Structures are given as C-alpha cells and as structure tokens.
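Understanding the architecture of this molecule
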Amino acid sequence: MDQILQGIDHVVCFLDDILITGSTVEKHLALLDKVLSKLKASGVRVKLSKCHFLQESVEYLGYRIDAQGLHPTETKLTAIVNAPSPSNVSELRSFLGLLNYYGRFLPNLSTLLQPLHELLQKDTKWAWSAECEKAFQDAKQRLTNSKWLAHYDPSKPLRLACDASPYEVGAVISHILPNGEEHPIAFASRTLTQTERNYAQIEREALSIIFGVKKFHKYLYGRKFSLVTDHKPLLAILGPKSAIPTLAALRMQRWALLLLAYDYDIVYRRSQDHGNADALSRLPCPYTTDVHDESVIFQVSFAEELPISCKDIAAATSRDPLLAKVWDFTSKGWPNYSSDKILKPYFEKRDELSIDQGCLLWGIRVVIPPKYRQRLLHELHEGHPGVNRMKARARGYLWWPGLDQDIEIFVSQCTAYASVQNQPPTAPLHPWTWATSPWERIHIDYAEINQQTFLVVIDSYSKWLEVLPTKTSTSEKTITLLRNLFASYGLPKELVSDNGPQFTSQEFQYFLKQNGIRHKLTPPYHPASNGAAERAVQTFKKAWMKHSVASESARTTGELRLCRFLFNYRNTPHSVTESTPAELFLKRHLRSRLDLLKPSLADTVEKHQKQQVKAHNSSRQRIRNFYPGDKVLVRDFRHSGRLWSPGNV
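Position numbers for residues start from 1 in each chain and track the written sequence from start to end. Where totals are concerned, whole chains, interfaces and linings use all residues; where local detail is concerned, this predicted model gives features only for residues with pLDDT of at least 70, and gives and counts side-chain atom pairs only at 80 or more. Hydrogens are left out, water is left out, and the side-chain values use all remaining heavy atoms of the structure.

Things to note about the packing of helix α16 (residues 387–394) against helix α17 (residues 403–412)
Every angle, taken between N-to-C directions, lies between 0 and 180 degrees, and every axis is a line fitted to C-alpha atoms, over only the stretch in contact when it is a helix. Helix and strand definitions follow DSSP, with helices as H or I runs of at least four residues and strands as E runs of at least two, each counted in order from the N terminus. It is at 10 Å that the axes of α16 and α17 come closest, and there the two elements cross at 140°. Judged by the angle between their axes, α16 and α17 are oblique. In this structure, the crossing between α16 and α17 has a hand that is right-handed. In this structure, α16 uses V387, M390, K391 and A394 to contact α17, whose residues at the interface are L403, D404, I407, E408, F410 and V411. We call Asp, Glu, Lys and Arg charged. Ala, Val, Leu, Ile, Met, Phe, Trp, Tyr, Cys and Pro are nonpolar, and the rest, Gly among them, are polar. Taken together, the residues that form the contact of α16 with α17 break down as 7 nonpolar, no polar and 3 charged. Orientation is classified from the angle alone, with under 35 degrees giving roughly parallel, over 145 giving roughly antiparallel, 65 to 115 giving roughly perpendicular, and any other angle giving oblique. Helix crossings are classified by the rotation of the near helix relative to the far one: an anticlockwise turn of less than a right angle makes the crossing left-handed, while a clockwise turn makes it right-handed. Contacts between residues were defined by any pair of non-hydrogen atoms, one from each residue, lying within 4.5 Å.

In structure tokens, the structure reads:
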C-alpha cells in the first residue's frame, strides 16, 4: 500500500489502513479523489462500510487525532482506568506496557511509577504495598487528565530541551507559540547503562543532547531549532560556532562532530526553569539495547490462506465458464469436431479426461482453474527449486494448458533463485580494433612479483613490450616512467588502462590531456577488457619465475633477467602477428647469437672483392718503385702542347 500511494502528501498508510487529511474541505476531497484513482489503477478495492469521510476526529493506531493534536483513545483509557490491581509481576508488566504506550503524554510518569518499577527488579520479593497502590491509582488518574500533544508544524519554531541525572537522560521537543508558550510535540527518556553512569556530569549532559537529537532526528534535521540545556559549560563546548574541543574526551569530540550536521542555537536555562526535561531524566522508562528506533514498515509477513483442497477446485471449476463447459463435455460426451481455439487443448486430451468428486482430471493430474494457478505455482516453488524440479513435481499433481511455460516464466522472475545461479556463459569475444601503425595505441598495467613492482606497457600494433621496474606505483611515478618512453618512441594516440587509482587520478588525466592522448578505461571488475596488458603481465610473471628458478645457481641479478626476457620476447614471432615485435616496431631484425649460425653476407662480399683485386692485379706489370733523387717525367696538364715535364723525386 505504501508503494501504491507513495509521493502523495498528507496521506499515511499502515498496512491496509489509510489516513487522509487536508487543511480545507476542497483540498481534502481532491486528495481523496487522487487516492481512490491510485487504488483503482492498481486493482485495489475498498469496502464502503469500513470507510469514514470528512471526519473531524479519527482513531488511528491507538490515538485519537483531531485538529489540535494527539489524544489517548477512550477505549484504551477505559481499559487502564478499570484495570484491577496486579497480583503478580506478569500482570504488573502488562499494565505498565499498556500505560507506557501513552508515555509520550506524561512527562513525569516515571517518577510516579518508581514504587512499581522496584517490584520488577531482580531478586525483589512481590509485596503490593499501600505506596504501590497509591502510585497505581495516581498513574491512572494522571493519564485521564493528560494534556494533548501538538501536531508537528514545519512553519513553527522548534525547541529541544535536554537534561541528565546520575542515572537517566530525558528530552522534550516543543513548538514555540506566538505568545512564547511552549507546547510539547513528544517526550522521550531512557536509563543510562552501567558504563554511562560512570561518565562525568558534563558528559552525561552532553549525552542527553545527543540522545534527544537522535531521537527526534526526523523533526530536527534540515531546519533551525533551539537547543536548551541547564549545564552552562556545554554552551562553549557544543556551541554551533565553537571549534572541536581538542582537549576534551574523545567521546565529546565525536558528539561535537555529530552536531555539526544540524542547524541550531544552544541556550542556557536554569535548573529551576528546566523542569520539563529534568523530570524525564529523574526516572524514565527503562532502557535496553534491543529496543530499536522508530522506522517505517514497508513490508509485513502474514500467514498464507489454508491449503487448497479438492472441494475448492471443484467449486472453482463449476464457476469458471471454460472449465464448466469442459466438465459438461466430459460428462455427457464430446463433439466430433471443435473449432474453438481456447477449447483445443482440452479437446486434444478429451479421451484422457475424467471427473472425480466434481474435479476435472487428466490422467492422475487435477485440472486447475485459473483462480488457483498462481497460488499453486508459489506452492510448487516452495524452497525455490529450478524449472525441471518444478515440472517434475507438477506432473504428479496438477495440469493446465501452458503449465510448462508458466513455470519457466515464474522461475525466471524469482529473485531468490536467480541470486544463487552459476555465472552465465561468457559473452562473445569482441577484440580490439587493430592499430594501423606502431605506438598508436598502448596498453598499460602494473605487475607485482615478490614485493617488487613493474610497469608493463605493450604496443597494440607490434606487440612490442616494455617492462619498467619501480619502487612505487603512484600517479607521479607512472607519469615519470611514461615520459621516458614517450621521449624515445613519441606520443601515442590512445592509452588503455584499468581503473587503478594511479590511472584515474586528476594528475594522470591532466598529463594525458596535455599531451593529446585519449584515455580509455576498462569496465571495473572485468580485467579481460584490457586483455593485451593482462596477457603481457601474465607472460612476464611466468618468464620471470622461470628465469628466477633457472638462475638460482648462476646468481644473476634481476636487471640481467629482465634484459634477457625482453630481448628474447622482442625477437620471437608473436602468435597473433606471426612477426617479431622488433620487425614491426623497429622495421628491422634484432641481431642475436643465433645469427652466427647463418652464413654472413659480409664475408661473401669481402671474399669476392679480394678475388676481383687479385684478378685485376695479375694482368698488370709489377709495381714500380721510386727513390729520392731519381729523375722522372711528370704528367703535366697545365700545357696543352706538352704532356710530360722532367723532374726529380
């Protein structure tokens, strides 16, 4: 009912009881029309004899409500006033429970009931004294003469008065009327626990304020109110303009922080003028830790109707037009042909239908009328079995056309059943679009091995891998490592990472934006979306562990193991590209020691060059030698008529 009427102001619900109010008759009738329209749209019907319209006063949840406020009901008052004196603890508890229901009307009731509360203490012998009888009768008279409680009005000023005694705390929330008079909205009090009784007086007074604020949170939160206390030091400690008391006890600091959420002014009032809250703190209702705060009830459980019997099925079959027709055909005989599509499922099974005690049977299975089908689906689903188990159970008891489909739909809509199912099959693979050039899109992630951190970067185009050891994985360190890579290979167009804090920080986002790099984040808790980086991390971790095991005897350093891994990885054809990362990234082959196995082209060229020199020189005269002082002829290109000129070496 709360869900049907949610969002409509001035309308409250408790189970199937609806209370509608309005400031004028016109507004009241408009709300009534709106509520009835909502009920009609939801298929809910109301009984006219149980409805009361345009009432000046109504009884609702044990109270009489009118324009003034809340009043105790006459029925409850009569039960309390006419109650005989209790003869044992059980009867006394029942009377006090009935009386405490109206405790909000009686600010000092606990003080009056002190003799009765003493009888409830452990190891106290039952003795109904004259003092108990007087308290019993005075309490009944006090309730008969109790004041009414005002309605909460958001337009009127609020005042919260709190006080504490050595063993209890109390609070009163009131409206301040234009003439300055306070009119209570509600009273509240509780006893202190054994630990709280050991608090200092200033802490107990502060506790009473916290108790009152929490108790009346729904009235106070989001609006200005006055906080009244009779303990003057609290004005400086818990004042709205005071700083957090750094030298006070930790609990006082916590309470001061809690009060920061409220808009209030704290006011001091002498104890002589603070009687409303002080009386409540002297002997309030006993406090137990299992008492829950007031809350709105959104759902209730109730006993299901009695089990469905064959008599119910027979009666519903006779009232259902379709099944009554089937019943008549089964008892008197079926026609040879039927063109009715609705009747077709029964017509096809006409030779297997029978009647027993007014019920239609298909074999041993009872044909269920539409009225009870949903209830029986709930019965079959008791314990939340799956589709197959429900169908198997239904085959021994009941049937109707489309039963299997109804079971499948019912199970698919069961939240409890779906919440414990196995993980569904994985979705079809959607690979990343292959980059068209080296260093166009890179995937990054962090790997941690034996408390050592590595930044793993892989190029989507060439599968070129970079592994950078680092001591920290902060955003600042990540940016520094990437800057070194970008200085060597340039800026990529796109960077893919998971949702790690170092990748989602504002500093890292600003760094990418300043360099014109698009940042793509993979979905949370789905590392497969960054499969390139995850696979690179996995490959690196396995290789590192294998190198570590193999190099234990050689005592190689981690830096050497990393260099060997990267060299071999970059020079090995990748299973996706069928080329080595170096060939695609550097456009050349990396020379390794294995290249010594292949014949060298340089040696072949050098050999042929030597052969050419030898062949050239073999057909020539021997080389002439000259010594200093020898006379020679020198080719002279300065004169066109003379080619040679004499000279000395």
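That was the structure; now back to the text.
Quick notes on the nonpolar core
With 32 residues, the main nonpolar core has L160 and L220 as its most contacted residues. When contributions to this core are tallied by element, the ones reaching two or more residues are β7 (158–164), β8 (168–176), β9 (182–191), α7 (201–215), β10 (224–229), α9 (234–237), α10 (250–259) and β11 (263–268). When neighbours within four sequence positions are excluded, L160 is seen to be in contact with A171, V172, I173, G212, V213, F216, L220, F225, S226, L227 and V228. One finds I442, I444, V457 and I479 within the second-largest nonpolar core, a separate group that totals 22 residues. Working definition of a nonpolar core: buried Ala, Val, Leu, Ile, Met, Phe, Trp, Tyr and Cys residues. They are joined through side-chain atoms within 4.5 Å. Only protein chains enter the calculation, and the probe is 1.4 Å; a residue is then buried if its accessible area is under 20% of its type maximum, exposed if over 50%, and partly exposed in between.

Quick word on the packing of aromatic side chains
Any two rings among Phe, Tyr and Trp, with Trp reduced to its six-membered ring, count as a pair given centres within 6.5 Å; such a pair is stacked if its planes are under 30 degrees apart, edge-to-face if over 60, and tilted if neither. Taken as a whole and judged by the stated rule, the model has 22 aromatic pairs. On the basis of an interplanar angle of 85° and a centroid distance of 5.8 Å, the ring pair of Y221 and Y262 is categorised as edge-to-face. In this pair, Y221 is assigned in the loop between α8 (217–220) and β10 and Y262 in the loop between α10 and β11, connecting sequence segments 41 residues apart. For Y262, a relative accessible area of 13% puts it in the buried group. With 5.9 Å between their ring centres and 35° between their planes, F565 and Y569 make a pair best called tilted.

Overview of the sheet that holds strand β15 (residues 398–399)
Two strands form a pair only when DSSP identifies at least two bridges running between them. Taken together, the 4 strands give an open sheet; going across it, the order is β12-β13-β14-β15, and neighbouring strands pair in mixed fashion. One side of each edge strand has no neighbouring strand; the edge strands of this open sheet are β12 (353–356) and β15. Note: strand β13 (residues 359–362) against strand β14 (residues 365–367), 2 bridges, orientation antiparallel. Bridge pairing in β14 places L361 opposite V366. Contacts from helix α13 (residues 321–332) reach β12, β13 and β14, with the element oriented near 95° to β12.

Shape descriptors only; they carry no functional weight alone.
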